[in-house]
Each structure stands twice: as C-alpha cells, then as structure tokens.
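Per-entry structural report
One letter stands for each residue in the lines below.
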Amino acid sequence: MERNLQIPWQEDCYMDLKSTSPKSETRKKMEDGGWLHKHQKSLQRFVSASVLVDVVNHMRKSEQLSVEGASAIQGRGCLEDKVHTLVEFLRLSDPQGSVLQTYLQNSHPEEYSLITLHDSVVQQHKDALFQRLRENSEGFNSSDSSLLLVDGVSDLQQREHDLVQVSVNRGMGPLHGRLLGLERLLAPLTRVSTAPRVMLTVGVAGSGKSRLVRQFVHQWSSGKIYPDLSLVIPVACWELSNLDRLSVERMLRLVVPYDNVDVILNSSDCKVLLIFDGLEEFRTPLDFSEAPANSDPRRELPVSDLITNIVRGNLLPGVMLWLLSRPGVGSKVPAGLVDRVTEVPPFSPTDIQDYLTNPPRHLQENSHTPSQESTPRSRDAREEDPSHKVWDHLSLQKPLRILCSVPGICRIVTRTLSRLVGSESEDLLLPRTLTEIYTHYCWPHLSSSDPSTGSIRKSLTSLGRLAFYSLLRRRHTFCEAELRTYGVDVPPPRGTLGHRVLKREQSWSSESISWRFLHTSVQEFLGAVFYYMSSRRGMFDLFSESGVSWPRIGFHSHYRAALQKSSTATSGNLDLFMCFLSGVLSSATGALLGSALGVGREEQANQRTMAMTLLQNTVAGSGSEPVSMRSVSTVACLAELQQGEWLRSVEEDLIGCRLRGKLKGGVCAVLAYLLQVSDACAEETHLSNCLDSASLKRLLPQLLYCSKLRMENNGFKDDAMELLGSLLSAKDCHIQFLSLADSSISSKGIKPLSRALLVNRTLTILDLHGNNIGTKGAKTLAEALRMNQIIVSINLQSNSIEDEGARALAEVLQSNRKLTSLNVQKNGIGPDGVKRIAESLKKNQILQDLNVSSNHLGDLGTVALAQALVVNHTLCTLSLQSNSVSDKGMKALTLALRSNRGLTTLNLRENSIGVEGAKAIARALQENSTLRELDLTANLLHDEGVTAIAGSVKVNRALRSLHLQWNFMKIGAAKALAQSLHSNSSIQLLDLQENTLGDEGVVALASALKANSSLAVLYLQGVSAGKAGAEALAEALMVNQTLCTLDLRGNSIGMGGAKALSSALKTNRSLRSLNLQENSLGMDGAIFIATALRGNHQLTYINLQGNGIGESGAKVVSDAIRTDAAECVVDI
C-alpha cells in the first residue's frame, strides 16, 4: 500500500484509506451528495422558524434525529445556524435527504417548491442577462460605478432643459452630493435606518444611466454584489411604451419569461429588484395625481397608470424598485414615495482628460482618435500629442468644456476634435461652438479638400424630419417601422449619416429592437438643420407636421416663429434647438454647410444680420422683470451665432468694475449668461459698486448658482436686503461665499439675512465688514448663528457691535459647532465684552481664528484671553493689534504661552509692550513649541528687549516668522539677532524695517546670512544702510542659497552698493524679489543692476523706483531688463 494513501496512527501503525469501514462509507455517501447536499444553501435561506419546528418534530418521530440532536439544534443561535445543524445531523442518518424531501413536499409544498426551484430559475435568469451583456458592445469601467446621494430633484432640474442645467451648474453637478457606490445602493445608510424600497436616479441625457444599470446587472450576475437578491429584473421603458395596456402578470411574463419564476415572485422570502430604465420614454406622462388606484395583478391598465401603481405599492408591494430618468420626468414621482434619490455624477476635468487619453475600448475601434503610444513620451512629443491639443482648445472654449461634463456629449466633441487635430490641415480652424462640432461630426467630409454634397439634402429630408417632429412630440426612441416611415434605411449603411448618428438598442428580455439618436442633442441639431433647410422654401408653419396652418413665407418669418416658440416654452425644451438654429447661421458653420445646402454667401450674411438684430431686440426688450432662463438662452443663441461684440463689451465692464449705471435693458441678461461661462466668474463673481435694488431684483434668479459672490460697496437698502434674504433661503442656492462689505447694512437690514441663515445649507463664509449693524444687529445675527451649523467664517469688522454685541457672540461660541473664524476688529469692544468671549473660549473647542484687533481690550481684556489660552488648545490665530496692551498684559499672555499647545500665530502690533514684556515673551519662546508667527511691530522693545528675544530664538525651533518693525532697535539688537541666525535653522521671515541698524548692524546680519540656511525673506527697509551694508549683503548673496526676497527700500546704498549687488546677482541663484526703491542709485547704478540680469534668470521682480533715473533712463534700463530677463517684472 502506498504511503500517500495512509494516515499516521502510531509510530509503526497505519490506517488504510481504502478500507470499507461503516464510517468511511457514510462519508463517501455524503460527498456524493443528493437532494440534501444540492439544496443545503436554499434550506438555510428559506426554511422558516415554524417550518423548522415541524421538521424537527417529524424527524424525531421518524427516528432520523435523536433527542440530543434536537437539543443541539435548539441551542444554536440564529435560524440559519439551526438549519445548518439540522442538515449536518441528517447527513449522518439520511445522506440523500429523501425523508426530509418527502416531508416538505407533502406538508409544506410552497417552501419545497422554493427550495427546489429557486437556484435553477435564478441561474437561468443570470445566464440570459449575461448573454445580453455580451451582445452589448460597450465595456464596463469601474469608474462608472458610483452615484451621488442627493436630497431630491432641484427646482432647476424640474424646469429647465438638460444642457441648460449643465451650463448653469458649470458642469459641476449637485452641491451636496455624497458618493454612493452601487454596492451601497440598496443598503441602509445608518444602523437604525431601513433598506429603501423605491430608489430614484436622475441624470441628464447622455450622463450614463443605462450604463450604470448594465454595470449593476453585471456585478450582480457575477456574484460580486447583493447575493441575497433572488432576481434583478432590468426593464427598458421604451419597450413597454410600445404597448397600450398592460397588466402586472403580462409584464412579468414579458420581462422574465421563465418557467417556475412565479415561485420566486410570489414568495415573501425572496428579494426582487425591478429596474425601470428611462421613465421619460413613456408616451403618456406619469400622473400620480390622476392615475386610478389598482391592486389587481391581472387587470390591464394604461402603461403609465401601471407604473404609478407599482411605485405606489398597490402592485408588487414586496418588490424593490430602481427608477432611472431624466430630471424633469423624475421630479414627477412624489417625494413621499421615494426613499432614496441619487444622481449620476458628471465628468470632471480630470475625467475628460482621461477620456481623451484613454477612450473606452469599445470606442477605440474605427475611432478618429489617433492611437496612443505605450512608450514614454518626451516633452516635445507630449506637446504634439493630439489629446493635449484638444484639451488646450477645450480649456479656451469654456462653454464646450462645460458641456463635455456630459459623457455622451464628451464622446462626440472629443472624437471630432481629435480627428480634426489629427488631419494636420494648416488652414483649418478648430470649431468653437457646439454647432460647428456637430456639423463636423455629422458630415466629416465637408472639412476635407474635396467635399461631396449630394447626400446631405437627402439624408436631412429623412433623418432631419424624423429628428424635428419627434423632438416636438418629445420622442427619442423609434422602432424600425417608424424609421422606414420617414425614409430612413434600417440598419443604416456604413459611412452614412444614419450610421454616425443612430444607435441600436435591444431589449433585456426579448428580441425587440429600437433605435435612438446618439444623443438627444444630435436630434436637436439635425432638427435645427432640417428646419433651416425647409424654412427657406416653406410656405406654411413648419411646427405643424400636417402642413395645415396660416401661410408663413420666408426664412425671416420662420426664424421669428421658432424664437417665439422657444421663448414661450415653459420647460425650455426648444432652447438647444434654437441655439443650433442660430449657430447654423454663423459664418464658420455657413462656410461648411452653405454650398451643401445651396445657400449663397450673400443670403447667409442677410440671414445672419436679421437673426442678430432679432435676438438683440428680444434680449433688450425683456423689460424690468427678473432675468429668466429663456432670456439667458437667447443670449446663448447670440454666442452660438458668434456675434459676441455685445457680450465682450459687458465682460470687459465686468472685469474692469465699470458696470455701475449700465445694468439696464438686456445687459442684465448678458451678465447672467456671463456668470455661467466667463472666466472672470470662474473663481469669484465680482458685482461690487454696481448694483441697486432694481438690478439686484433682475439678476436674483441667476445669482442663485454663483458659488462665490462679492457684492461690496453697493449701498443696499432694506428692500435689497429682503431680496438677498430670499436668495439665500432658496432651495437651489449654491452660494458658499458672500461678501457684503461696505454696503451700509443697518440693524434692520440684517434681519432678513439672519432669517435666511436659519434655512440656508450652503453659505460657509460671510463677510459683513464695514457696515453698521450695531448692537441690535449683532444680537439678531447671533440668534441665527446659534441655530446655523453651516457657516465656518464670519467677518464683522467695523460694525459698532460694542460690548453688548460681543456678549451675544460669546453665547454663540458656547453652542455653535461649526464656526472656526470670527473677526470683530474695530467694534469698540472693551474689557467686559472680551471677558465674555474669553469665558466661552474655555468651553469652545472649534474656533481657530479670533481677531479682536483695534478694540479697547487693555491689559484686563488681555489677561482674560490669556486665562482662556491656558485651557483652550484649538485656537490657532489670535490678533490683538492696537489694543493698548502693556507689559502687564504681555506677562499674563506669555505665561499662558508656556503651557498652550495650540496657538500658531500671535499678532501684537501697535501696542505698548516694553522691555519687560519682551523679556517675558523671550522666556515663553524658550518653552513654547507651537508658535509659528509672532508680530511685535510698532512696540517699545528697544535694544534690550530685542536682545532678550534674540537669545530665545537661538534655542526655539518652532518660530518661522518674526516681525520687529518700528521698535527702536539699534546696532546691539542687530548683532544679537545675527548671532541667533548663525545657529537657528527654522526662521524663514525676519522683518526689521524702520529700525536704525546702520551699516554696522547690516554687516552683522549679512555675516549671519553666510551661515544661515533657512531665512527666505528679509525686510530691511529704512534701516540706514549705506554702501558698506550693501557690499556686505552682496558678499553674503554670493554664498547664501536660500534667501528669496530682499527688501532694501529707503536706504542709501548708492551706485557703489548697486555695483556690488549686481556682481552678486550674476552668481546668486536663489533670489526672486529685490526691492531697491529710493536708494539713490542714479542712472549708473540702475544700469549695473540691469546688466547683472544677463547672467541671472531667477529674479522675477525688481523695483528701481525713486532712484533719480529719469524717464529716458528708465526706458533704457527697463528695455535692457526685458531683453535680458523677459520673465522679470520691473517697477521703474
């Protein structure tokens, strides 16, 4: 017998594995399986507690289970463990499970059917889904598998066209969205919440909703997510929309046409997810208010009524639902019926760049995008990379870049631009508008050297007509019969327009086929081109497909009709159509399409002039009403027409802050459009010194979507503040930063703003400095801040809030858990007010930045703050500038600094701190290890005090910045600081301005610079330095490799000093900024500096003002510097 068939038993004894003992035979039977082994998992999953009791009793009676076995089963914890234990016992007495099988079949037939059939039905369903997924050419990308959890559908999403939503949000998506992976879609979000029954996912057309469904189905079918789901049933709503009436039973037979599937669907133990993808595809809109209730699964209903009853839970109440829709239709589902709302995230700029560099695999074949090399590229090669050229172009054309946040549009735009970049045509200008892009995409041959035009009109007559009239009926999916009705070839031959713009879709559960345009915007584009082509010869209203209407002759009449239809459409469904219709008239698009459509240049020019005039008059005639999205869309038509003179003029006024008195007529509408697309508004929107109540009211609906808004120095009255309050209270408000500085806001004006803060969920930074809210206004604001848990920073500088207002804010600090920055500078706050703030700081663990400068704290207030710092270790920045702090207050403060481990920045400028105070802070610096910035400018430290501080700097390793300007320092203090710099390796900024250091002091500091390796900024303005000091600094600069900024303003280094510095600049490679203003350099000294830059290309800023150079000399020197160091900024 072979040793590998034996088990060691004792040292010289073996047990034969081939023996036929009773135990080994039993084990073999168990391994062979049978009904029990095959259905063990289903038994553990579907046997209920009551059935288990019956089974155990029966097995005891039939002697298949002992008393001990029954007790062991009872002693197990959860139900699944009990069933598992039962199965293990039965494997020993009845390995095939025939006794259990017979009992369940006779006594519990429903459970038996579920246990027996569940796995086979589920596997059959998964196999069918896998087959459909394999037939789908699109691949799966892990980056596609996340959603954004949102509160609901916004007002903007309910009202406006998809791409208007994208433009208004600048392609950024929802403000408060939280990432939610597909693996968490059905799960409870907290320990105490329940799993959702109805989930709604919204996304604009082309955002990737159907791709997410395929991703979910693929992951579930592969067993990667939700193994407890028995069935996932995806339903394409376009398939159901072809039916007039439908019952639940019939629908289920259509979507899961398998035998025995009812066993799962009718069982309360099985989890089933029903996915309705594309609610907008139903021909009859969902109407939850009028649809009659029905709970009969056999009764046939109109399809839209059937869906509403399923969502309500009248039908299939135990089934989970995942609804996917465009936002406008998704908002029709009552919020009370939806347990979870998610949104498809847009492409970020990084996503767009990745898409350019690595397009999806299913798009790489036959793509116009040049292949990417796998080998590393040199810098020159990367600059020649088409993907980089395309991204550079998109970065310049912001409206196009924003629209590329929609994956479906990104695909069209990037493929088209990549093809054009790859064509290497020298005279080809890259498209700047969406109309140009789509023209190149639909008819790529028009940009070639020999465009053929014969097929354009024919294809437009069929596909364009289909696109236009389906757009009016809001239809986007078509069966083959519909396409043939319009004369469209099915399937479209390769190389034709239909092949480029139509996409085939197949049902999940049948052989049904549908066709749709590649994106809804392509449908709108083709509809617009068809309308343009037909309107030139049309005699009746083209919006009536039957042709029965009043006569309408000439393109002018048809264009005016289209503009009127678009302007009066409440949902904005014709906005993009109108943009395309205007874009077709642009000179760039006209050059491509003109000859193909038989339109001459003169006719195009007349049409363009007429359209521009009509659009401008429409915008200008909008009156004093608030700017609507329709008005903004009309301005977008002007931009698409590429008639941007008016837009550029308003943008220049916006950038130059010259809008005051000009926000009348159509300027507000143009400004509203610029808020979406102008680079001037990309980071912050500046509307300072230009708004009054009337213009604010007009712009109000569009200001909602600005994230950072500056409206300073506008003199807002109380009615304007009511408008701002309503703005911040709106559900769709996106404002995160708001500055209303210097706007004459009173205590009455602050009330509507405070009310808004009780409901606002976006504003995090509020700047109210330079107003006059007073004590009463501070109390009103404080009441709101107690409830508001969103604002993190508030600036109340110069508002006359005084002690009473400070006390109200102190109470806020005791309860607010979000406020991290508070500025109450220049408010007449005395010791009493700051004591209350200090008491709150002992409890508050959130505030990080407190500015109480320019008040009346004195030593009493400073002592109170010092006591708070002993226990508070979260405050990082404390500003006590101009508060009459003397040595007494300084001693208390420095005593606190010895134990405090949180403060990093301390501002004590312009106080009365003397030598004793300086010695106290010197002692604190020897122990403190957290303070990074210390500002003692304009105190009374003198040489003795600064020398003490210098001594502590030798051992302190935390301090990075030290300001000692205006402190009556002389040579002794300079030498002491120089000695410290020899050993200190942490100080990066040293400010010694306006101290009488003289050449001797500067020489000492220069000597230290030779050894110091940390100092980057040195301010020596007005320190009485002459030629000798400059020569010493020059000698140090030849050695020093860390100093970046040197400020020598207001000294007397003269031509000799300039000559020495010029020699140093030829070799120094660290200095970036040099200020030699007012140093008596003269013409010769300036020329020395200028010629030095020939050998130094690191300097980026130099100031030579006030040196007696004269205008002609200044020009010579400036030209010389710009020639030798073009990147260097010169003030001269």
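Quick note: structure is the one above.
These remarks concern the structure in this document. Since this is a predicted model, take the numbers as computed values, not measurements.

**A word on the overall build of the protein**
In terms of helices and strands, the protein carries 50 helices and 31 strands. Structurally, the protein occupies a C-alpha span of about 110 × 100 × 70 Å along its principal axes. For the protein, the residues scored as buried account for 54% of the 1132 residues in total. Counted over contacts in the protein with a minimum sequence separation of 6, partners at least 24 positions apart contribute 80%.

**Remarks on empty space enclosed by the protein**
All chains considered together, the criterion is met by eight cavities of 30 Å³ or more. Estimated volume of the largest cavity: approximately 220 Å³. Taken together, the elements giving at least two residues each to the lining of the second largest cavity come down to α12 (237-241), β12 (477-478) and β14 (513-517). A class-by-class count of the residues in the lining of the second largest cavity yields four nonpolar, four polar and four charged.

**Some thoughts on the sheet that holds strand β4 (residues 178-181)**
Taken in spatial order, the seven strands of this open sheet run β4-β3-β11-β5-β10-β8-β6, and their pairing is mixed. Since the sheet does not close on itself, it has two edges, and those belong to β4 and β6 (229-236), each with one partner. Averaged over all adjacent pairs, the angle separating strand axes in this sheet is 25°, with direction ignored. For strand β3 (residues 146-150) and β4, the ladder comprises four bridges, and the chain directions are antiparallel. Bridged to Ser146 within β4 is Gly181. Packed onto the sheet, helix α11 (residues 209-221) meets β3, β5 (198-202), β6, β8 (271-277) and β10 (320-325) and runs at close to 155° relative to β6.

**Side note on the layout of surface pockets**
Of the voids in this model, the second largest pocket is the one considered here, and its volume is about 990 Å³. Taken together, 39 residues make up the lining of the second largest pocket; nearest its centre are Pro399, Ala639, Glu640, Tyr673 and Val677. Its residues placed into classes, the lining of the second largest pocket shows 21 nonpolar, 11 polar and seven charged.

**Section: helix α50 (residues 1111-1124)**
The terminal C-alpha atoms of α50, which comprises 14 residues, lie 20 Å apart, in line with the 20 Å expected from a rise of 1.5 Å per residue. Listing the buried residues of α50 in full gives Gly1113, Ala1114, Val1117, Ser1118, Ile1121 and Asp1124. Down the axis of α50, the buried side of the element spans an arc of 140°, and every buried residue falls inside it. Turned more than 90 degrees away from the buried face of α50 sit Glu1111, Ser1112, Lys1115 and Thr1123, all of them exposed. Close packing links the buried residues of α50 with α49 (1082-1092), β30 (1101-1103) and β31 (1129-1131).

**Here's the deal with the sheet that holds β14**
Sheet architecture is open: three strands sit in the order β12-β14-β13, paired in antiparallel fashion. The sheet terminates laterally at β12 and β13 (502-506), the two strands that pair on one side only. Sheet topology places β12 next to β14; two bridges connect them, and they run antiparallel. What sits directly across from Thr477, in β14, is Arg516.

Procedures and definitions
Residues numbered from 1 in each chain as written. Predicted model: local features only at pLDDT ≥ 70, side-chain atom pairs only at ≥ 80, totals over all residues. Heavy atoms only, no water. Helix = DSSP H or I, 4+ residues; strand = E, 2+ residues; numbered from the N terminus. Buried < 20%, exposed > 50% of the residue type's maximum accessible area, 1.4 Å probe, protein only. Contact = heavy atoms within 4.5 Å. 1 Å grid on protein atoms, 1.4 Å probe; cavity = no way out; pocket = protein on both sides within 12 Å on 5 of 7 lines; lining within 4 Å. Points joined across faces, edges and corners; volume = space filled by probe spheres on them. Nonpolar A, V, L, I, M, F, W, Y, C, P; charged D, E, K, R; others polar. Pairing = 2+ DSSP bridges. Axes fitted to C-alpha atoms, helices over the stretch in contact; angles between N-to-C directions. Expected span 1.5 Å × (residues − 1). Arc of directions from axis to C-beta.

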